[in-house]
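The chain contents come next:
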Amino acid sequence: MKKATNSKNRGKINKIFPIMQEHLGKSMNMARIKLMALLLEALVKAQTVNLVRLANAMPTAVDKESNMRRLQRFLACYMLDFDLIARMIFSLLPVKQGLVLTMDRTNWKYGKTDINVLLLGVTYKNVAFPLLFSLLPKRGNSSTAERIEIIERFIRLFGKDCIDCLVADREFVGQQWTGYLNGKGIRYYLRIRQNFWLQKPNSGKQIKAFWLFNDLKLGEQKFLHKLYLLKGEYVYLAGAKLKNSDGVPELQILICYSRPQEAVDTYKLRWQIETLNRCLKTAGFNLEDTHLTHLERIERLLAVVCIAVVWAYLVGDHRDQCVKPIRILKNGRRAMSVVRYGLMEIESVLQRPRYKDKSNIFNFLSCT
């Protein structure tokens, strides 16, 4: 009886490998694809990037030490094609046009090493799909060149026509950056600091940004029809007075390439990348648990984690919509995140041989 149970469980596990081969088979050899499939399964079961726990969760016949050596060799030596991973994640996106891109930076520290990640995601139903990322060899804000590089990479892989707009927080401003987006004709909604100086093009008069919106009451918003100059670049402006995450009212001032009337509502989508960051960290895969400090190794691990996040979200969203809705608490919030909900289902399918898969979890990892 035990032998039959194990065989049934292996049948579920072996469904991941051909799907990964479908995505990666043209550019990766079979051994690497198999290892990535094993690592992906270990991630969704262990829900951490700690290598010891991942090695223990890999469904192989060898001992944990052998799994650990395989993981270490993969992270240290293999030249993973990150464009291939991005194309795989893009293929899993339910929507391929009219995309709202969101850019953010997440960072943590291990010992004396600063780990700093620039992320570009695609917003979709309360979460951002992690499409492209770059490990920055420094602490602090990203540079204009680093932001341009990641946008150019997106355009090279998927084209500009699929982009509706870009949303980003106050870190992502600057004359060269705004000039680049204007020159490319990429719509954007970028938050600026209240004390930024603006210039009226006709008169040359200087005015601080908050002077244009300090008449707003809590919950109100407005947009301006006229163009202003911000550090030499023409922009439209919009603003709202809203409560911040601490419940304190504050002005939210946005610069736009066009359609300022849509600025405040569109900018709200930026928070979906904050949800992604929580899924990568405490609410999903505990990315800060890694003891890796070499940026190239962290990049390879993060690439597989990104696939796992997307898979878990798609499974969780399907279960929430079609199988059993996530319980809503008295405060109106979900009892758990969609990613966590999906992880629980995937883990049940992989860990419990007799569990009936009601969500067809493997279908959500396939592009067919």
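This structure is a prediction, so every number in the text was calculated from the model and none was measured. (Residues numbered from 1 in each chain as written. Predicted model: local features only at pLDDT ≥ 70, side-chain atom pairs only at ≥ 80, totals over all residues. Heavy atoms only, no water.)

Observations concerning the pairing of strand β11 (residues 249–256)
Moving on, step 1. Burial analysis of β11 places six of its eight residues in the buried class, the great majority of the element.
Moving on, step 2. Pairing between strand β5 (residues 188–192) and β11: four bridges, direction antiparallel. Across the sheet, Arg191 pairs through a bridge with Leu254, a residue of β11.
Moving on, step 3. In sequence, strand β10 (residues 233–243) turns back onto β11 through a hairpin of five residues, with Gly247 there showing a positive phi of about 80 degrees. (Buried < 20%, exposed > 50% of the residue type's maximum accessible area, 1.4 Å probe, protein only. Helix = DSSP H or I, 4+ residues; strand = E, 2+ residues; numbered from the N terminus. Pairing = 2+ DSSP bridges.)

A few points about the environment of Val310
Moving on, step 1. For Val310, the location among the structural elements is in helix α11 (residues 295–323).
Moving on, step 2. The exposure class of Val310 is buried, given its relative accessible area of 1%.
Moving on, step 3. Taking C-alpha positions, Val310 is 13 Å from Asn126, a pair spaced 184 residues apart along the chain.
Moving on, step 4. If we skip the residues at most four places from it in the chain, Val310 touches Ile89, Leu92, Phe129 and Pro130. (Contact = heavy atoms within 4.5 Å.)

A short note on the packing of aromatic side chains
Between two aromatic rings, the relevant description is the distance of the centres plus the angle of the planes.
Moving on, step 1. Tallied over the full model, the rule gives 12 aromatic pairs.
Moving on, step 2. The rings of Phe90, Phe154 and Phe158 are connected pair by pair, giving a single aromatic cluster.
Moving on, step 3. The ring of Trp177 has Arg147 sitting right over it, with the charged end atom 5.9 Å from the ring centre.
Moving on, step 4. The ring of Trp271 carries Arg270 above its face, with NZ or CZ at 4.8 Å from the centroid. (Phe/Tyr/Trp six-rings, centres within 6.5 Å; stacked < 30°, edge-to-face > 60°. Lys NZ or Arg CZ within 6 Å of the ring centre and 35° of its normal.)

Any link to function would need more than the numbers given here.
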